[in-house]
Structure formats: structure tokens, C-alpha cells
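Per-entry structural report
Spelled out, the chains give:
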Amino acid sequence: MHLPFPVLTTQEAAAVIKHGQTVGFSAFTPAGSAKAIPRAIAERAKTEHAAGRPYQIRVLTGASTGESLDGALALANAISFRAPWQNDKTLRALINARQVPYLDMHLSGVQQAIRYGLLGPVHWAVIEACDVTAGGGIVLTASVGASNTFVNRAEKVLIELNRRHPPTMLGLHDLFEPQDPPNRREIHVYTVSDRIGSPILVVPAEKIAGIVETDLADEFCPLASGDSKTAAIGCHVAEFLTAEMRAGRIPKRFLPLQSGIGATANAVFKALGEAPEIPPFEMYSEILQDAVIDLIQAGRCTFASATALTVTPEILDHISGNMPFFRRHLILRPQEISNNPEIIRRLGIISINTALEVDLFGNVNSTHLMGTQLMNGIGGSGDFTRNAYISIFTCPSVEKNGKISTIVPLVTHVDHSEHSVQVVVTEWGVADLRGKDERERAQLIINNCAHPDYRDELQSYIDTGKERHSLESLTNAFAMHRQFLKTGDMRGTQWN
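A brief report on the enclosed structure follows. (Residues numbered from 1 in each chain as written. Predicted model: local features only at pLDDT ≥ 70, side-chain atom pairs only at ≥ 80, totals over all residues. Heavy atoms only, no water.)

**Points about the side chain of Ser 68**
In this fold, Ser 68 is placed in helix H3 (residues 67–75). Taking the relative accessible area as the measure of exposure, Ser 68 reaches 4% and is therefore buried. A distance of 2.9 Å separates a polar atom in the side chain of Ser 68 from a polar atom in the side chain of Arg 39. Engagement of the side chain of Ser 68 in a polar contact is seen with the side chain of Glu 219, the distance being 2.2 Å. Residue contacts for Ser 68: discarding those within four places in its chain leaves Lys 35, Pro 38, Arg 39 and Glu 219. (Helix = DSSP H or I, 4+ residues; strand = E, 2+ residues; numbered from the N terminus. Buried < 20%, exposed > 50% of the residue type's maximum accessible area, 1.4 Å probe, protein only. Polar contact = N/O pair within 3.5 Å; in protein donor to acceptor, adjacent residues only side chain to side chain. Contact = heavy atoms within 4.5 Å.)

**Observations concerning the packing of aromatic side chains**
Considering all chains together, one arrives at three aromatic pairs under this definition. The interplanar angle of 50 degrees and the centroid separation of 6.3 Å between the aromatic rings of Phe 254 and Phe 281 together place this pair among those described as tilted. Taken together, the residues Phe 254 in the loop between helix H7 (228–246) and strand E9 (257–259) and Phe 281 in strand E10 (residues 281–284) connect sequence positions 27 residues apart. You'll find Phe 254 and Phe 281 in the same group, each marked buried. We note Arg 58 situated over the ring of Phe 81; from NZ or CZ to the ring centre the distance is 4.1 Å. (Phe/Tyr/Trp six-rings, centres within 6.5 Å; stacked < 30°, edge-to-face > 60°. Lys NZ or Arg CZ within 6 Å of the ring centre and 35° of its normal.)

**Observations regarding the environment of Asn 447**
Mapped onto the secondary structure, Asn 447 falls in helix H15 (residues 438–448). Spatially, the C-alpha atoms of Asn 447 and Arg 153 are 52 Å apart, while their sequence positions differ by 294 residues.

**Considerations on helix H4 (residues 89–96)**
Buried within H4 are the following residues: Leu 91, Arg 92, Leu 94 and Ile 95. Taken down its axis, H4 places every buried residue within 160 degrees of arc, on the same side. Those residues of H4 that are buried lie in contact with H3, strand E3 (79–83) and strand E19 (373–374). Capping the start of H4, Asp 88 holds a side-chain oxygen 3.1 Å from the backbone nitrogen of Thr 90, two or three residues further along. Arg 98, located one to two residues past H4, shows a positive phi value of around 60 degrees. (Arc of directions from axis to C-beta.)

**Section: the packing of H7 against helix H8 (residues 263–274)**
Between H7 and H8, the least distance of the axes is 8 Å, while the angle of their chain directions is 45 degrees. As summarised for this structure, H7 and H8 are arranged oblique, according to the angle between their axes. Both H7 and H8 take part in a crossing whose hand is right-handed. Seen from H7, the contacting residues are Thr 230, Ala 231, Ile 233, Gly 234, Cys 235, Val 237, Ala 238 and Leu 241; seen from H8, they are Ala 263, Thr 264, Ala 267, Val 268, Ala 271 and Leu 272. By residue class, the composition of the contact of H7 with H8 is 11 nonpolar, three polar and no charged. (Axes fitted to C-alpha atoms, helices over the stretch in contact; angles between N-to-C directions. Parallel < 35°, antiparallel > 145°, perpendicular 65-115°, else oblique. Left-handed = near helix turned anticlockwise from the far one by under 90°. Nonpolar A, V, L, I, M, F, W, Y, C, P; charged D, E, K, R; others polar.)

**Quick word on the sheet that holds strand E23 (residues 407–408)**
Strand pairing in a sheet relies on backbone hydrogen bonds. The paired strands run either parallel or antiparallel. Strand order in the open sheet made by the three strands is E17-E16-E23, with mixed pairing throughout. In this open sheet, the two edge strands, each paired with only one partner strand, are strand E17 (364–365) and E23. In the sheet, strand E16 (residues 357–359) pairs with E23 via two bridges, with the strands oriented parallel. Each residue of the ladder has a partner; that of Val 358, found in E23, is Ile 407. (Pairing = 2+ DSSP bridges.)

Below, the structure written as C-alpha cells:
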């Protein structure tokens, strides 16, 4: 096949990217991630370092990536700055050791920040595609993320043409970039399936420096399998939403759902798919997992909008091989559209995300272990939580074989405040915090969500604050965390 632009080796592509430059890579999770060129950049960094020369780049993506991007670059000490989200263990260790500066961002705001220059100039965009036209039209693969903004703002573009993904993916994407204030107008997405943009990403031909041909599957990290706790959480969510329908607070035709990623999310979708009173529903989310694809094929999910297909390679191959069907049921958008507050509020999204810990006020920590060690980042959970019609957070009530309670007096890091979090669900039950004052919320969370091993301790904590307007105690707020750091077990905490 004749290609309309210079064909480069991975080494030739890596050679044009200079030390200190900013590179915007296509990726939103490993889906659609550039894979060959980042590995070549990592090898170049190793060579330069061995020769005593500095070589690092500033790395921007839509969200997390895979081992070929964050993993390879981190192992090669090739990253001088990272934004806006990551989940690679090597990079995480470097960030926590303060060896790589890291900016954790709400994902809906990334593209606007790039356009305003808040993350510096973008020297290169490295984009995975399944097809390229002679005029510079790029057909993306399994994600959009921030790829359209990277391409529009970058000085030069490199394309990984991945033969693993067929050109028939054309039509799966809906690429739209809003104007910035004060010229921004409403975004014309009024239903989950509305299309407002272009199926291809058009790049001025003179910006394309070359094409690297690949045949690489998306990297996929197997998710933890579900258990009795995640199954119970899924059932509680389904029962709560069914009760909301009966009460008339959710219409009979239901409302679009958003969910994070993981075993709990899969358990929730399994329960929703099996709930007899919940009708076929739609998804308006940032990522879609295998469970959603299964529901689409079963007719339980009628349409799904996202920015990435975070599915197993086998499921992605199945989607690619059945594009006429899936184009009728799927759409991939830029992350500032998939996570857009205006659209989330207009459509009445029900958001379901995961917490690391929840406090008795309803604040949620979703990013930092013991308040100091970064896990991944806030991602898009804040975009949905702050604007959803109903915002739900799920988590098991305990971790580390019961040595850690995820229900605590005060979270050690606040990602989602009590003003945004409406419903908390653990394997023990549901705490509906809407319309409740501080003391009512605390009592609901203890009674319905805390593990029985910790209920007396938590009750003692709020009892110490009976005479105060606020339950918060500066002396005791982190006593359970201090107990764990001292003894390895939160149980047996004593209050002052």
C-alpha cells in the first residue's frame, strides 16, 4: 500500500524528538495508545544517558497509558513532567519519590488547558491511526482522548499506522472541539447518540513529519476478578436505582449511566443488566469495559458514548470485525465532550465511581493512600460527580483483611467533597446522603456502610462531638490512620 507521507522507522521517528520537548501522545487508558514510538524514545534515552547526555521529554496524554508508553519511558528515566493521569507502577514510584513532577487534573479541562498554553507549547503529537488519507485525514483507533487538540496545537505530527485496527473503524468517532470563552456556544449533544463533529481528524499535510507502520494489539491489564463483596455492592446499587424509579425520581425510561473501571464497576453492570425493573439503558461515560459490550449485544444497553474502549484485545477484535453493528450502538468522542459538565447535567447522568476511603461527612478520597502516596489520579470522576443527577461512590467497607476501614472519621485527602457526593455504597448497604445534615449523614454511613468491626469505634467518634456544631475533632480526626501506621491495624483505636 502506498502511503502519502514519509515512512519512518521507529528509531528515525524518535530521533526527531529533542530533549526537553513536550509530546502529546494519543491514549486514554492503553486504548488507542501510541506504542512503537514511545518505546523507541525510551531506547534513545537509555543511549543518551549511557553517553552522559541528558534526555527527557514532557509527556501529555488523555489519561493513563500502557507499558509501552508510561512504563517504557519511566523505566528509561525519560520523563521530565507528566500530566494529567497515570496508573503505571514504575511511574507512580517515581512520582511518589518526587523524581517526576506530576500534575493531576480533571480530565474535562485538559484540552482547554492545552489550548491556553497552560501546559506549555506542544512540540509533537504522536497519534495512533488505523488509516491516513492523502490529504491528512486520520482515522483514530480505540480512543480519542485529547488527540484532536494535540494534533491541532502541535508543531509537528507523527502517526503510528497500526494495521491491527482495520480502516473500517471509520465512522466510530465524533470529533468536535468547542471554541474557547468568550466565543463558546452550547454543545449540541441533547441525547447520548447525537453526533456533532467529524468522523476523521484532519491535519494540515505539512505538519505530518512521517508515518511508522505497526501491527500491535492494545495493552490490557487484567482486572481483579469480582467476589462476594463486589457482587453485593452491585446488587445494592441496582436495588437503590430501582427504588428511585418506583419513587418517581428516575423516569421509567431510566437515565444514562457513567461508571469508572474495575471489578466493582463490572459487578454493578451485571446487577443492572439482571434487574427486572430496570429497562434497557444508555451509557454516557469516559470509558467502556467488556461488561458494557456484553450488555449492548444482549440488548440491555441500547447506546454507549465514551472516549475510549478499555476492553480486552479479544473484545476489541470482535468490535472491529462487526463495525456495521457497533457503529449503530457506539460513539467515541474527545474527553472534553465525553466528560463535559454541560452535557452531564443536561442528560441527567447517574455517576458510579470508586472511592479509596469515605468519611463520616461524605467526603471521598479516590487518589492517595494514607493521604501521602499517590495511586493514580482523580481522572474523570470529578467531572461526573460534581455534575451528575445522582452521584454514587462505591467501595468495600474494609481492606487488608479487615485491618483498614474505608469508612473513616475524616479522609486523609479530599478529591470529592461532601457537597458533591450523594450516595455511598459498600457491601453492607446504601447511605443516601441527599437532604441530610451532618449528623444524619454520619449516622447513616456508620449504620449502613461501615463494617461491623468498626461501627462502635466510629460511633464513639461522633459521640465525642455531641456538643459541637461540627462532628470534626482536630485531635481525633486521623486517630484511626495513626493507629494503622503504628500497629498495622485500625481496630482498637482510642479517642482522646
